[in-house]
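Each chain, letter by letter, is given below.
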Amino acid sequence: MKKIAFLILLFVCFPYIVWAGSLELESLTIKNGELSIPFDRLNNEYTVLLEKEEYRLELEYKVEENITVFVKDNQDLMNNSVVTISLTDEKNIVEYHFQILKEEEEVTTNVFLEDNPVSIEPSFMYEYKIYIIPSIGFLLIFITFKLLFHKKKNPHKK
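Residues numbered from 1 in each chain as written. Predicted model: local features only at pLDDT ≥ 70, side-chain atom pairs only at ≥ 80, totals over all residues. Heavy atoms only, no water.

Asker: Describe the pattern of salt bridges, and please don't skip the residues or the numbers.
Answerer: Counted under the stated rule, the structure contains three salt bridges. A salt bridge links Arg41 to Glu24; its shortest N-O distance comes to 3.6 Å. Of this pair, Arg41 sits in the loop between strand S2 (33-35) and strand S3 (45-50) while Glu24 sits in the loop between helix H1 (2-21) and strand S1 (27-30), and the two are 17 residues apart along the sequence. Take Arg41: its relative accessible area is 40%, and that puts it in the partly exposed class. (Salt bridge = Lys/Arg side-chain N within 4 Å of Asp/Glu carboxyl O. Helix = DSSP H or I, 4+ residues; strand = E, 2+ residues; numbered from the N terminus. Buried < 20%, exposed > 50% of the residue type's maximum accessible area, 1.4 Å probe, protein only.)

Shown next as structure tokens:
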């Protein structure tokens, strides 16, 4: 009984597994950028380091004959843009995502600040806040307690 169930499961699921597995890029090269890790057709998420003057990825890829390829959002690329390559056949879709990281401009520093470091002393409140805040909180609670629960003097008692 177990063998028959296994064979039925094998014949039902096996064609789908084999058929969907072939929907992938065989090779990919980015001519004007650098992939974060070497291309592996089983990995669908990549980061691409791109020069700040580049605004489009130049892609070179190879796929099987019956697969249609769509490249989305591959224009006016900025930092943290995502380019998507979609592979489709008659029934399935597989997407590869490429997050774009552009090189930043150099940050200039002020020479005056490097030569003359400025020492900043903490304020009184910052230095003693661990004592001041609890003391003020206790004082407010004490005053509130006294106002709410004060004893009235008995005028008949002497």
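Picking up after the structure, the text goes on.
Asker: Give me the lowdown on the sheet that holds S3, citing residues and values where you can.
Answerer: Strand order across the open sheet formed by five strands is S2-S3-S7-S6-S5, with mixed pairing between neighbours. Lying at the two open borders of the sheet, with one neighbouring strand each, are S2 and strand S5 (68-72). Taken pair by pair, the neighbouring strands of this sheet meet at an average axis angle of 25 degrees, ignoring direction. Strand direction decides the pairing type here: S5 and strand S6 (residues 82-88), joined by five bridges, are antiparallel. Residue Thr68 lies in a different strand from S6, and its bridge partner there is Thr88. (Pairing = 2+ DSSP bridges. Axes fitted to C-alpha atoms, helices over the stretch in contact; angles between N-to-C directions.)

Asker: So what's going on with the side chain of Thr88? Residues and values would help.
Answerer: Following the sequence through the fold, Thr88 ends up in strand S6. Looking at Thr88, the relative accessible area reads 14%, which means it is buried. In contact with Thr88, not counting residues within four places along its chain, are Leu23, Asn66, Ile67, Thr68, Phe70 and Ile93. (Contact = heavy atoms within 4.5 Å.)

Asker: Give a detailed account of the environment of Glu24, specifying residues and quantitative values.
Answerer: When its relative accessible area of 16% is taken as the criterion, Glu24 is described as buried. Sequence separation between Glu24 and Leu42 is 18 residues; the distance between their C-alpha atoms is 7.4 Å. In contact with Glu24, other than residues within four places in its own chain, are Arg41, Leu42, Val63, Ile67, Leu87 and Tyr96.

Asker: Explain the side chain of Ser81 to me, using residue names and the numbers behind them.
Answerer: Residue placement: Ser81 occurs in the loop between S5 and S6. Not counting chain neighbours up to four residues away, the residues in contact with Ser81 comprise Phe98, Gln99 and Ile100.

Asker: With reference to specific residues and values, describe the nonpolar core.
Answerer: Here is a general trend for soluble globular proteins: nonpolar side chains tend to be buried in one another's company. Core analysis: the largest hydrophobic core is formed by 19 residues, its most contacted members being Leu57, Tyr96 and Phe98. Among the elements of the structure, S1, S3, S6 and strand S7 (93-102) are those that each provide at least two residues to this core. With four residues, the top contributor of residues to this core is S7. The residues contacting Tyr96, other than those within four sequence positions of it, are Glu24, Leu25, Phe39, Arg41, Asn43, Asn44, Tyr46, Val83, Thr84, Ile85 and Leu87. (Core = buried A, V, L, I, M, F, W, Y, C linked by side-chain atoms within 4.5 Å.)

Asker: How would you explain the pairing of S6 if you had to name every residue and give the values?
Answerer: Among the seven residues that make up S6, six are buried, leaving the element largely enclosed by the rest of the structure. With seven bridges joining them, S6 and S7 adopt antiparallel strand pairing. Its bridge partner being in S7, Thr88 is matched across the sheet by Ile93. Where S6 hands over to S7, the hairpin turn is made up of four residues, counted between the paired strands.

Asker: Which residues make up the packing of aromatic side chains, and what values do they have?
Answerer: Enumeration over the complete set of coordinates arrives at six aromatic pairs. Centroid distance Tyr128 to Tyr131: 6.5 Å. Interplanar angle 40 degrees. Geometry classified as tilted. With a relative accessible area of 53%, Tyr131 lands in the exposed category. Ring centres of Phe145 and Phe149 lie 5.1 Å apart, and the angle between their planes is 45 degrees; this geometry places the pair in the tilted category. In this structure Phe149 comes out as exposed when scored by relative accessible area, which is 55%. An aromatic cluster is built from Phe39, Tyr46, Tyr96 and Phe98, whose rings are joined through pairwise contacts. (Phe/Tyr/Trp six-rings, centres within 6.5 Å; stacked < 30°, edge-to-face > 60°.)

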